[in-house]
Amino acid sequence: TKGFFQLKPTIPPQYLEDRALLRIISLYLPTPLPSTISSDLLRFSKLVLSKPVLGYIADAEKNLPYLKPLTSFGEENRDDPLVTSEGWRRLQEIGIEEGIVALAYEKNSNGEKAGWNPRIHQFVKYHIWSGSSAIVTCPSAMTDGAAKLLGKHLHDDPETNEIFAHARERLISRQNGFAWTSGQWMTERKGGSDVRGTETIAVKLNDATDGYDTNGQPLGPWRIDGFKWFSSATDANMTILLAKTGGGSDRKDSQISAFYAPLRRRANGSDENQTELNGIRIQRLKNKLGMRGYLIGKEGQGVKEISHILNITRMQNIISAVGAYGRGLAISRAFARVRSVSGKLLSDVSAHVRGLAQEHVNYTAHMHLSYFIAALLGRSEGFEPGDDTSAATSSGILPKTMEEINALYRLLTPIAKAQTALSAISGLRSCMESLGGVGYLENEDPDLNIARLFRDANVLAIWEGTTDVMADDFVRVVKRGKDGMKILAVFEGWVGNSLRVAEGAGLKAEAAKLKNTAERVLMDLRGKEKEELAWRGREY
Ligand code: MFK
Ligand code: FAD
């Protein structure tokens, strides 16, 4: 206990000191910021670094989920064999209460105008949450995507309208106990990037009475059998999944369709909260089905349907990446303020500051790309520019027509998903190094644990589509007939506009460099065949 001990760095609330985040707020939310939002963001910035929340993270990290397939008497545990930690559950509850999903929906769904872009509001809060969430943001991302998808099918079919509306109401709720989370089951053993090899089969049953649980609750007329290889939120209340319809996975005429399935059904009893799994067996936390569900949309349109989720979860992935990066930099800054080398604080060592400055530039650039896309998402969901007074709207940096907004959102999401994930991983690695040996330790202070942020960031480049799959997606979009050419024209317009803004801001050399790259990429995209481009997608 004698000798030197390093003073512990203190991370200030992010709302007070993350300049990139503050710039995003001043650009995309009204000025002055409504006091309800600013006081909420300040309170939340303190909450995420508070002792109880840090304790939940530590608990969730230490007590990993496990399966209890049998009861103490050797019978199959039909209630719920999955056991999660208290910390994980509390973090999920905090996310729900704080509206990490709900914020995107609550104003618009009441027909009440928010006066600001709800997606920006949601993602600013999500950003602050990201570094303390122990990745409960994964189920919340899928929940958001599922709410969006079900919201598109509320008036399709009298058999499902009420069921989808009921599920959606729970997905966007802030009320713990009532609120639901959702999974997203696409990946199977044959492949996750390419889901065409899906082996899970859905068959419509003739006997409607089969589709109810013992309490008369509907479970769905489709019986779904198969094996899902990954399921991130196995504790979720429902899932959206892909399965083949039309006679079997090997038949040529079978096609991929999307399904909604409750994961838990009410058990035979009066207790409203007592549930059992909906015909699912969890193997090694891998799911074997035999469940019941409802078709979403038309048969054969499964990939197209589930892409509504992908375009939300990828956006959430983007904010997770920049959120974790932002937290890592906050830790690096805090450390530099208290750690001395050769008699100087690190914050006064020019080489160290230069390294951090480079990371901050990179972080800021990715923040701007990310929130630009978040703004597009809000606009594509019906937020009108006339509804707000933000600097972004008055400066005209956002496109005006719905066609441009949708096209840019479609094209920029995969690019940013791949790019922010890779940047956050490499940036967090630098942040680790900036703390020296302490950075590498899975240390006991969850607020300073950059190693955890780095470890968790690595999955951001894999799930929701790997880097090359995002590159492939980008190429597919621009090479898809007439629509692709239109999207490319919008992209070209946006690049041109961005270059003009850069030149106007005096960044002439940078703009010239970017222009060269942009011209080459655009020429390739116009002139080359899809096959020629696919392998170069990563470069773009
Ligand atoms: C903490 C942050 C959180 C995030 C949560 C993470 C939890 C983890 C969850 C997962 O990892 S879930 C699994 C995620 N899996 C993937 O992301 C799969 C990656 N692979 C792809 O994205 C492939 O490109 C794809 C499976 C979509 C390819 O399948 P296909 O059958 O070859 O698709 P195709 O033919 O390109 O598209 C079929 C239709 O869907 C087309 O419409 P049309 O029929 O009208 O032509 C496409 O335009 C449309 N489509 C595909 N992707 C789309 C899309 N439409 C809009 N947006 C998209 N992204
Ligand atoms: P593969 O598709 O076999 O990919 C292997 C390699 O091939 C990769 O490097 C990839 O980039 C490359 N590749 C594939 N296609 C192409 C192409 N067209 N061009 C160039 N290169 C290509 N999935 C779910 O459905 N639900 C979940 O809840 C879920 N949770 C997950 C949680 C975790 C922690 C992880 C790690 C994964 C999860 N996944 C989930 C699965 C995830 O989405 C897949 O792992 C991912 O999409 C990649 O699929 P794959 O593992 O089959 O790899």
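Quantities reported herein were computed from a predicted structural model and do not represent experimental measurements.

Give a detailed account of the environment of Glu464, specifying residues and quantitative values.
Structurally, Glu464 is set in the loop between helix H15 (450-457) and helix H16 (467-478). Note: C-alpha distance between Glu464 and Met186 (278 residues apart in sequence) is 9.9 Å. Sequence-distant contacts of Glu464, defined by excluding residues within four places in its chain, comprise Gln184, Leu310, Thr313, Arg314, Asn317, Lys417 and Met470. A polar side-chain atom of Glu464 sits 3.0 Å from a polar atom in the side chain of Thr313.

Describe the site of ligand 2, listing the residues and the values that go with them.
Among the 18 residues in the neighbourhood of ligand 2, the closest are listed as Thr187, Gly192, Ser193, Ser232 and Thr466. Contact distances for ligand 2 include 2.7 Å between a nitrogen atom and a backbone N or O atom of Gln184. Between Thr466 and ligand 2, the recorded distance is 2.6 Å, taken from a side-chain N or O atom to an oxygen atom. The protein chains hide 60% of the 970 Å² of surface that ligand 2 would expose on its own. At the level of secondary structure, the elements contributing two or more residues to the shell around ligand 2 comprise strand S3 (182-185) and H16. Of all the elements, H16 adds the most residues to the shell around ligand 2, at three residues.

Can you break down the site of ligand 1 residue by residue, with the values?
Surrounding ligand 1, one finds 29 residues, the nearest of these being Ser193, Arg196, Lys304, Asn311 and Arg476. Isolated, ligand 1 exposes 1,200 Å² of accessible area, and the fraction of that covered by the protein chains is 83%. Of the residues forming the shell around ligand 1, the biggest block, nine residues, is contributed by helix H10 (residues 302-336). For the shell around ligand 1, the per-class residue count stands at 10 nonpolar, 12 polar and seven charged.

Give a detailed account of the pattern of salt bridges, specifying residues and quantitative values.
Should the charged atoms of two oppositely charged side chains come close, the side chains can pair. Following the criterion strictly, the structure yields 25 salt bridges and no others. Linking Glu442 and Arg455 is a salt bridge whose minimum nitrogen-to-oxygen distance equals 2.8 Å. With Glu442 in the loop between helix H14 (437-440) and H15 and Arg455 in helix H15, this residue pair connects regions lying 13 residues apart in the sequence. Residue class for Glu442 comes out partly exposed when judged on its relative accessible area of 44%. Note on Arg455: relative accessible area 36%, which makes it partly exposed. The salt bridge partner of Glu492 is Arg526, with a shortest N-O separation of 2.5 Å. Of this pair, Glu492 sits in helix H17 (residues 481-504) while Arg526 is found in helix H18 (residues 508-527), placing the two residues 34 residues apart along the sequence. Glu492 sits in the partly exposed class, given a relative accessible area of 34%. For Arg526, a relative accessible area of 37% gives the class partly exposed. Through salt bridges with shared partners, a single network forms among Asp40, Arg43, Glu98 and Lys125.

Describe the pairing of S3, with residues and values.
Residues in a regular strand point their side chains to alternate faces of the sheet. Residues Ser182 and Gln184 point to one face of S3 and Gly183 and Trp185 to the other, with burial holding for every one of them. Looking at chain direction, S3 and strand S7 (residues 238-245) are connected through four bridges and run parallel. Considered in S7, the bridge of Gln184 is made with Ile240.

So, the side chain of Glu188: which residues are in play, and what are the values?
Mapped onto the elements of the fold, Glu188 is located in the loop between S3 and strand S4 (201-204). Here Glu199 takes part through its backbone nitrogen, which lies 2.6 Å from a polar atom of the side chain of Glu188. Those residues within four positions of Glu188 in sequence are excluded, and the remaining contacts are Thr198, Glu199, Thr200, Phe227, Lys228, Trp229 and Leu242.

Give me helix H5 (residues 86-97): which residues, what numbers.
Across its 12 residues, H5 extends 16 Å between first and last C-alpha, which sits within 8% of the 16 Å expected from 1.5 Å per residue. Among the residues making up H5, those that are buried are Gly87, Trp88, Leu91, Gln92, Ile94, Gly95 and Ile96. Check the buried side of H5 and you find it contacts helix H3 (35-47), helix H4 (51-62), helix H7 (118-130) and helix H8 (137-151). One or two residues past the end of H5 sits Gly99, with phi positive at roughly 80°.

Provide a residue-level description of the pairing of S7, including the pertinent values.
Among the eight residues that make up S7, eight are buried, leaving the element largely enclosed by the rest of the structure. Burial of the side chains of S7 extends over both faces: Met238, Ile240, Leu242 and Lys244 are buried on one face and Thr239, Leu241, Ala243 and Thr245 on the other. Two strands pair when backbone bridges link them, and S7 and strand S8 (residues 255-262) are joined in this way by eight bridges, in the antiparallel orientation. Counted as the bridge partner of Met238 is Pro262 from S8.

So what's going on with the packing of helix H13 (residues 402-434) against H17? Residues and values would help.
One can describe the packing of H13 onto H17 by two numbers: an axis separation of 9 Å at closest approach and a directional angle of 90°. Taken as axis vectors, H13 and H17 run roughly perpendicular relative to one another. Each of Glu403, Glu404, Ala407, Leu408, Leu411 and Leu412 in H13 lies in contact with H17, whose residues at this interface are Lys486, Ile487, Val490, Phe491 and Trp494. The class makeup of the residues in the contact of H13 with H17 is eight nonpolar, no polar and three charged.

So what about the side chain of Ser140? Which residues, and what values?
Relative to the helices and strands, Ser140 is located in helix H8. Looking at Ser140, the relative accessible area reads 11%, which means it is buried. Beyond its immediate chain neighbours, meaning those up to four positions away, Ser140 contacts Ile100, Val101 and Gln316.

Cut-offs applied
- Residues numbered from 1 in each chain as written.
- Chains lettered and ligands numbered in written order.
- Predicted model: local features only at pLDDT ≥ 70, side-chain atom pairs only at ≥ 80, totals over all residues.
- Heavy atoms only, no water.
- Helix = DSSP H or I, 4+ residues; strand = E, 2+ residues; numbered from the N terminus.
- Contact = heavy atoms within 4.5 Å.
- Polar contact = N/O pair within 3.5 Å; in protein donor to acceptor, adjacent residues only side chain to side chain.
- Near = heavy atom within 4 Å.
- Areas by Shrake-Rupley, 256 points an atom, 1.4 Å probe, with all protein chains shown as cover.
- Nonpolar A, V, L, I, M, F, W, Y, C, P; charged D, E, K, R; others polar.
- Salt bridge = Lys/Arg side-chain N within 4 Å of Asp/Glu carboxyl O.
- Buried < 20%, exposed > 50% of the residue type's maximum accessible area, 1.4 Å probe, protein only.
- Pairing = 2+ DSSP bridges.
- Expected span 1.5 Å × (residues − 1).
- Axes fitted to C-alpha atoms, helices over the stretch in contact; angles between N-to-C directions.
- Parallel < 35°, antiparallel > 145°, perpendicular 65-115°, else oblique.

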